[in-house]
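Architecture at a glance
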Amino acid sequence: EDTGIYHPFADVERMRIARRKGNKADVGECLQALLLQEQTNPYVVLQCAAAQEYLGEYAQARASYEGLLQAQPDNYPASVGLMRCQMQAEEWDAAKERIMDLLDISKNDPQLLDSMRQANSHLIPRMEARLAENPEDWDERIELGWCYFQEECAEECIRLLNERPLPPEHRIDYCNMLS
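The notes below deal with the structure included here.

Considering the environment of Arg126
With respect to the secondary-structure elements, Arg126 resides in helix 7 (residues 110-133). In this structure Arg126 comes out as partly exposed when scored by relative accessible area, which is 32%. Arg126 sits 18 residues away from Leu144 along the chain, and the two C-alpha atoms are 9.5 Å apart. Each residue touching Arg126, except ones within four places of it in the same chain, is listed here: Trp92 and Asp93.

The structure is reproduced here in structure tokens:
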């Protein structure tokens, strides 16, 4: 600061340190300084999004993550951040889809697996209710079966898949789940 030279990474690092210390006021101050200028560096935008999320500004964080993903579709941290924002907004279907894509990249990530379980805990009752209304909906039945499978409820999964005649077009999904 004494030199008169400014680089956004200095504010990013101050912001990250303030987050680690739990100092929301300093995080907000650094974030505002960064947002006064149009940020194009993906690292800076990612850190601003993380700070917005930390401050509970989920709509702004989501917009930042989505913007990053438009520019860099394979940006893993941005995708994880967007998934957290989707879960915060209780968009369980979208969050679950994103989680499954992320698990293709990082199969044993414990945070992703916890997020999947949290999403499943909200999706399973909805799917069970929809299936009760329309028991012949095999697309719903297969999705619910996968949720049971992911939750290690093998008996529920098998019961669900065997309680109705199997349509031929779902044979592959059926075999995949039961194998």
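What about the environment of Glu91?
One can find Glu91 in the loop between helix 5 (76-88) and helix 6 (92-105). Take Glu91: its relative accessible area is 28%, and that puts it in the partly exposed class. As for Glu91 and Ala119, which are separated by 28 residues in sequence, their C-alpha atoms are 8.8 Å apart. Residue contacts for Glu91: discarding those within four places in its chain leaves Arg62 and Gln86.

Examining the packing of helix 1 (residues 8-21) against helix 2 (residues 24-35)
One way to put it is that helix 1 packs onto helix 2 with a least axis distance of 8 Å and a crossing angle of 160°. Compared by their axis directions, helix 1 and helix 2 come out roughly antiparallel. As for the relative orientation of helix 1 and helix 2, their crossing is left-handed in sense. The residues of helix 2 that touch helix 1, namely those facing Pro8, Asp11, Val12, Arg14, Met15, Ala18 and Arg19, are Asp26, Val27, Cys30, Leu31, Ala33 and Leu34. Taken together, the residues that form the contact of helix 1 with helix 2 break down as nine nonpolar, no polar and four charged.

Notes on the packing of aromatic side chains
Going through the model one piece at a time under the given rule, you end up with two aromatic pairs. With 5.3 Å between their ring centres and 65° between their planes, Phe9 and Tyr43 make a pair best called edge-to-face. Here the residue Phe9 occupies a position in helix 1, and Tyr43 occupies one in helix 3 (residues 42-54), the gap between them amounting to 34 residues. Assessed through its relative accessible area of 34%, Phe9 is described here as partly exposed. Here Tyr43 falls in the partly exposed class, since its relative accessible area comes to 29%. For the pair Trp146 and Phe149, a centre-to-centre distance of 5.4 Å together with 90° between the ring planes defines the contact as edge-to-face. A residue pair is termed a helical-turn pair when its members lie 3 or 4 positions apart in one helix, as Trp146 and Phe149 do in helix 8 (residues 138-150) at three residues. Lying across the ring of Trp138, Arg141 places its NZ or CZ 5.4 Å from the centre.

Calculation criteria
- Residues numbered from 1 in each chain as written.
- Predicted model: local features only at pLDDT ≥ 70, side-chain atom pairs only at ≥ 80, totals over all residues.
- Heavy atoms only, no water.
- Helix = DSSP H or I, 4+ residues; strand = E, 2+ residues; numbered from the N terminus.
- Buried < 20%, exposed > 50% of the residue type's maximum accessible area, 1.4 Å probe, protein only.
- Contact = heavy atoms within 4.5 Å.
- Axes fitted to C-alpha atoms, helices over the stretch in contact; angles between N-to-C directions.
- Parallel < 35°, antiparallel > 145°, perpendicular 65-115°, else oblique.
- Left-handed = near helix turned anticlockwise from the far one by under 90°.
- Nonpolar A, V, L, I, M, F, W, Y, C, P; charged D, E, K, R; others polar.
- Phe/Tyr/Trp six-rings, centres within 6.5 Å; stacked < 30°, edge-to-face > 60°.
- Lys NZ or Arg CZ within 6 Å of the ring centre and 35° of its normal.

Any functional reading would require information that these geometric values do not contain.
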